[in-house]
Amino acid sequence: MRNAQVKKTLRNRLREINFLSRVWFFFKKVNSYKPSRQIKNVKVIKRGNYGNSFSFVPELLNAKPIVYSFGVGGDVSFDLALINEFNAEVYAFDPTPEVVNWVKENAGFSPNFHFYAYGLSDKDGSENFYMSQSDGAGWGTTIQGKNDKSVINVPMKRLITIIKELKHEYIDILKIDIEGSEFLVVPDILSSGVKFGQLCVEVHNRFYEDGDERIKSLISQLNNSGYYIASVSPNYEELTFIKK
């Protein structure tokens, strides 16, 4: 009887902690920095399933666009839409073991879909990847957090290294959803001289205490390189940048 009471007390306590976490996250989002749209008079369309969708400007795409998609996460709806509608060649990357297995099990999305089992970083080599405890499907980040359930070592590469290996000179759409590492990776991309037309990035400023300053700095660096916001998602997490 006593064990049952203890378990019930623990469950109630966990519910309280979960509720308080949600309240904290809500107020943090309300008070966080909200980027605004800066470029007007461009036609932006959105593709991909809910939670995995990004906007882009179709008129800026070449006849056979080259798309780099970092962070597959078990959903390639955005990638397949670009393939089916624009005959894009999509090069997708993700080092997460669950995602690698999922891609293998669902092989044959399209001849235009090419998958590589490594991630994007600001340096070449292997890095610790902290697996989230909150997602049963499993997703990882190079940012260590309080809810990590395990740590693994995964291969990572810089974009300049990847584009040279794949022998591409220009990327039409660069999609980056890399769970907080974008604040290190995007500056490295800009300084390396990789040429790309559009950047679709999910920002994770909520991962950091100084997240608002990080996203302001990121936008400023992109602006200084000639890229300005063309689209902002309703939750202010998915941003699209194009050359002004």
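None of the values given here were measured: they were computed from a predicted structure.

**Quick word on the environment of G180**
Part 1: Within the secondary structure, G180 is located in the loop between β10 (171-176) and α5 (182-192).
Part 2: Given a relative accessible area of 2%, G180 falls into the buried group.
Part 3: In this structure, the C-alpha to C-alpha distance between G180 and I143, residues 37 residues apart in sequence, is 6.6 Å.
Part 4: Leaving out residues up to four positions away in the same chain, G180 has contacts with I143, H204, F207 and Y208.

**Looking at the pairing of strand β12 (residues 227-232)**
Part 1: For β12, the tally of buried residues reaches 5 of 6 residues, placing the bulk of the element in the interior.
Part 2: Where β12 lies against strand β13 (residues 238-243), 5 bridges are found, and the strand directions are antiparallel. What sits directly across from V232, in β13, is L239.
Part 3: Connecting the antiparallel pair β12 and β13 is a turn made up of 5 residues, with Y236 showing a positive phi of about 65°.

**As for the nonpolar core**
Part 1: One finds Y68, F70, L174 and I176 to be the most contacted residues of the largest nonpolar core, which totals 35 residues.
Part 2: With sequence-adjacent residues up to four places away left out, F70 is seen in contact with F93, L120, L159, I162, L174, K175, I176, D177 and I178.

**Overview of the sheet that holds β13**
Part 1: Here we have 7 strands laid out as an open sheet, ordered β5-β4-β3-β10-β11-β13-β12, and mixed in their pairing. Each edge of the open sheet carries a strand with a single partner, namely β5 (113-116) and β12. The average angle at which neighbouring strand axes cross in this sheet is 20°, direction not considered.
Part 2: In the sheet, strand β3 (residues 66-70) pairs with strand β4 (residues 89-93) via 5 bridges, with the strands oriented parallel. Bridge pairing in β4 places V67 opposite V90.
Part 3: Where helix α2 (residues 77-86) meets the sheet, it contacts β3, β4, β5 and β10, and its direction lies at approximately 165° from that of β10.
Part 4: Along the sheet, helix α6 (residues 211-224) makes contact with β11 (196-202), β12 and β13, crossing β12 at roughly 125°.

**Focus: the confidence of the model for the protein**
Part 1: For the protein, mean pLDDT is 85; residues scoring 70 or higher make up 81% of the total.
Part 2: The low-confidence segment residues 24-28 (pLDDT under 50) makes 3 contacts with residues lying over four places distant or belonging to another chain.

**Comments concerning unusual backbone geometry**
Part 1: Its identity is not glycine, yet E179 carries a phi of approximately 55°, on the positive side.
Part 2: By the element assignment, E179 lies in the loop between β10 and α5.
Part 3: Its identity is not glycine, yet Y236 carries a phi of approximately 65°, on the positive side.
Part 4: Topologically, Y236 is positioned in the loop between β12 and β13.

**Remarks on α5**
Two residues of an α-helix separated by three or four positions point the same way, owing to the 3.6 residues in each turn.
Part 1: Every buried residue of α5 is accounted for by E182, F183, V185, V186, P187, D188 and I189.
Part 2: In this fold, the buried residues of α5 make contact with β6 (119-120), α4 (159-165), β10, β11 and α6.
Part 3: Where α5 ends, the next residue or the one after it, G193, has phi of about 85°, a positive value.

**A few points about α2**
Part 1: If you check which residues of α2 are buried, you get S77, F78, D79, A81, L82 and I83.
Part 2: Buried residues in α2 make contact with β1 (45-47), β2 (54-56), β3, β4, β5 and β10.
Part 3: Among the residues trailing α2, N87 stands out with phi positive, at a value near 55°.

About the cut-offs
Residues numbered from 1 in each chain as written. Predicted model: local features only at pLDDT ≥ 70, side-chain atom pairs only at ≥ 80, totals over all residues. Heavy atoms only, no water. Helix = DSSP H or I, 4+ residues; strand = E, 2+ residues; numbered from the N terminus. Buried < 20%, exposed > 50% of the residue type's maximum accessible area, 1.4 Å probe, protein only. Contact = heavy atoms within 4.5 Å. Pairing = 2+ DSSP bridges. Core = buried A, V, L, I, M, F, W, Y, C linked by side-chain atoms within 4.5 Å. Axes fitted to C-alpha atoms, helices over the stretch in contact; angles between N-to-C directions. pLDDT = per-residue confidence, 0-100.

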